[in-house]
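Summary of structural features
Read off the chains here:
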Amino acid sequence: MINNLRTRRITGDLLIWITVVIMVITMVACKDQKDKGNLKGDGIAPASAATPTVFDKLLGTWASEDGKNFERWIKNEDGTFTSVVFHIKEKDTIYTDQTIVYREKGKWVSENTIAGQNEGQAVKFTEAILTENSIQFSNPAHDFPTDVNYKVRDANTVNAFIAGPNNKGGKDTIPFNYTRVK
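For clarity, every value in this text was computed on a predicted model and none was experimentally measured.

**Brief notes about empty space enclosed by the protein**
For the coordinates displayed, the defined rule picks out one cavity of 30 Å³ or more. Of the volumes computed, that of the largest cavity is approximately 30 Å³. Residue lining of the largest cavity: L58, W62, E71, W73, Y150, V158 and Y178, and that is the complete set.

Structure follows, in C-alpha cells:
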C-alpha cells in the first residue's frame, strides 16, 4: 500500500512537472510568434516580406540628372527602409538627408532629418497616397515641404519632388529626377 501511494505521488508529481513544462513551452512559443508578428515592441510595424512595395523598387543608388547628388535606399532587417542623400565634393562624401520609412498604425511614415534644418530633429510625414509605383507623404503642419513624393517610372528612373506653400500664397514644387546607378 505504501509503495502504491508512493507511485501515485511520483506519478502526480510527474504530471504536475510535465504540465508546467508544457505551459512554459507554450508561453515561449506564443511570445516568439508575437515577436515575429507585425508589431515591434514600439508599435512600429515592419513591411511584409511577402508583399513588395514601392520602396522595394527604390532599393539601390540613384543619381540626379546633373550627376552631382545621389540617393541610396536600403531595406533593413526589420522591414523598415532607410534612405540617405549625399553628394561628392572632391574626395569627401557629404550627407545631407537621412530618412527612415516604417509602418505605424496601418500607414507608411517617413521621418526625414535634413542637415542644418529643424535643429537636427526629424520631421514626420505620413502616407497620403500609395500605389504600386508611387508614394506621397504629407505633413500639412510643416512649413516646407508639406509633401514628399516618389514615383518609380521604370526599373531605372525615379521622379521625386517636394512641394509646399510659398510666401506668395501659392505652392512651390522642387523636382528631383534620378536614374539608377546600381
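**Quick word on the layout of surface pockets**
Size it by volume and the largest pocket reaches roughly 590 Å³. Lining the largest pocket are 30 residues; nearest its centre among them are V85, D97, I114, I162 and F176. Of all the secondary structure elements, the ones that give two or more residues to the lining of the largest pocket are β3 (69-75), β4 (81-89), β5 (92-104), β6 (107-114), β7 (123-130), β9 (147-154), β10 (157-165) and β11 (171-180). In terms of residue count, β11 provides more of the lining of the largest pocket than any other element does, five residues in total. Tallied by class, residues from the lining of the largest pocket come to 15 nonpolar, eleven polar and four charged.

**Points about the pairing of β3**
Note: strand β2 (residues 60-64) against β3, four bridges, orientation antiparallel. From the neighbouring strand, W62 faces β3, where its bridge partner is E71. Counted along the chain from β2 to the antiparallel partner β3, the turn is four residues long, and its residue G67 has a positive phi close to 75°.

**Quick notes on the pairing of β9**
Across five bridges, strand β8 (residues 134-138) lies against β9 in antiparallel orientation. If you follow I135 over to β9, its bridge partner there is Y150. The pairing of β9 with β10 spans seven bridges and is antiparallel. By the bridge assignment for β10, V148 is matched with I162. Connecting the antiparallel pair β9 and β10 is a turn made up of two residues.

**Quick word on the side chain of T80**
Tracing the backbone shows T80 in the loop between β3 and β4. Residue classification places T80 among the buried residues on the basis of a relative accessible area of 3%. When neighbours within four sequence positions are excluded, T80 is seen to be in contact with I74, K75, I100, V101 and Y102.

**Side note on the environment of E65**
Its location among the elements puts E65 in the loop between β2 and β3. Distance from E65 to F176, taken between C-alpha atoms, is 7.9 Å for residues 111 residues apart in sequence.

**A word on the packing of aromatic side chains**
Per the stated rule, a full pass over the model turns up eight aromatic pairs. Seen from their ring centres, F55 and F137 are 6.1 Å apart, and the 25° between their planes marks the pair as stacked. Highlighted residues: F55 in helix α2 (residues 54-58) and F137 in strand β8, separated in sequence by 82 residues. Residues F55 and F137 agree in their burial class; the two are buried.

**So, the side chain of N139**
If you trace the backbone, N139 turns up in the loop between β8 and β9. Assessed through its relative accessible area of 15%, N139 is described here as buried. Here K124 takes part through its backbone oxygen, which lies 2.7 Å from a polar atom of the side chain of N139. Setting aside residues no more than four positions away along its own chain, N139 makes contact with V123, K124, F125 and T146.

**Observations regarding unusual backbone geometry**
Of the consecutive residues F144 and P145, the connecting peptide bond is found in the cis state with omega at -5°. With respect to the helices and strands, P145 occurs in the loop between β8 and β9. One non-glycine residue, E90, lies in positive phi territory at about 55°. For E90, a relative accessible area of 76% translates into the label exposed. Of note in this structure, N118 is not a glycine but carries a positive phi near 55°. Along the chain, N118 falls in the loop between β6 and β7.

Calculation rules
- Each chain has its residues counted from 1, running along the sequence as written.
- With the structure being a predicted model, the display of local features is reserved for residues of pLDDT at least 70 and the display and counting of side-chain atom pairs for 80 or more, all residues being used for whole-chain, interface and lining totals.
- Side-chain calculation: all heavy atoms of the structure are included, whereas hydrogens and water are not.
- Two kinds of site are reported from a 1 Å grid over the protein atoms alone, namely cavities, where a 1.4 Å probe fits but cannot get out, and pockets, open sets with protein on both sides within 12 Å along at least five of seven lines, and residues are called lining when an atom falls within 4 Å of a point.
- Grid points are joined across faces, edges and corners, and a volume is the space filled by probe spheres set on the points.
- Secondary structure counts use DSSP, requiring at least four H or I residues in a row for a helix and at least two E residues in a row for a strand, with both numbered from the N terminus.
- We call Asp, Glu, Lys and Arg charged. Ala, Val, Leu, Ile, Met, Phe, Trp, Tyr, Cys and Pro are nonpolar, and the rest, Gly among them, are polar.
- Paired strands, as defined in this entry, are two strands with at least two bridges between them according to DSSP.
- We call a residue buried when its accessible area falls under 20% of the maximum for its residue type, exposed when it is over 50%, and partly exposed in between, using a 1.4 Å probe and counting protein chains only.
- The contact rule is simple, with two residues in contact once any of their heavy atoms fall within 4.5 Å.
- Here a pair means two rings of Phe, Tyr or Trp (six-membered ring of Trp) with centres within 6.5 Å. Their orientation is stacked below 30 degrees between planes, edge-to-face above 60, and tilted elsewhere.
- Any pair of N or O atoms that falls within 3.5 Å is considered a polar contact. Within protein, one atom must be able to donate a hydrogen and the other to accept it, and sequence-neighbouring residues count only if both atoms are side-chain atoms.

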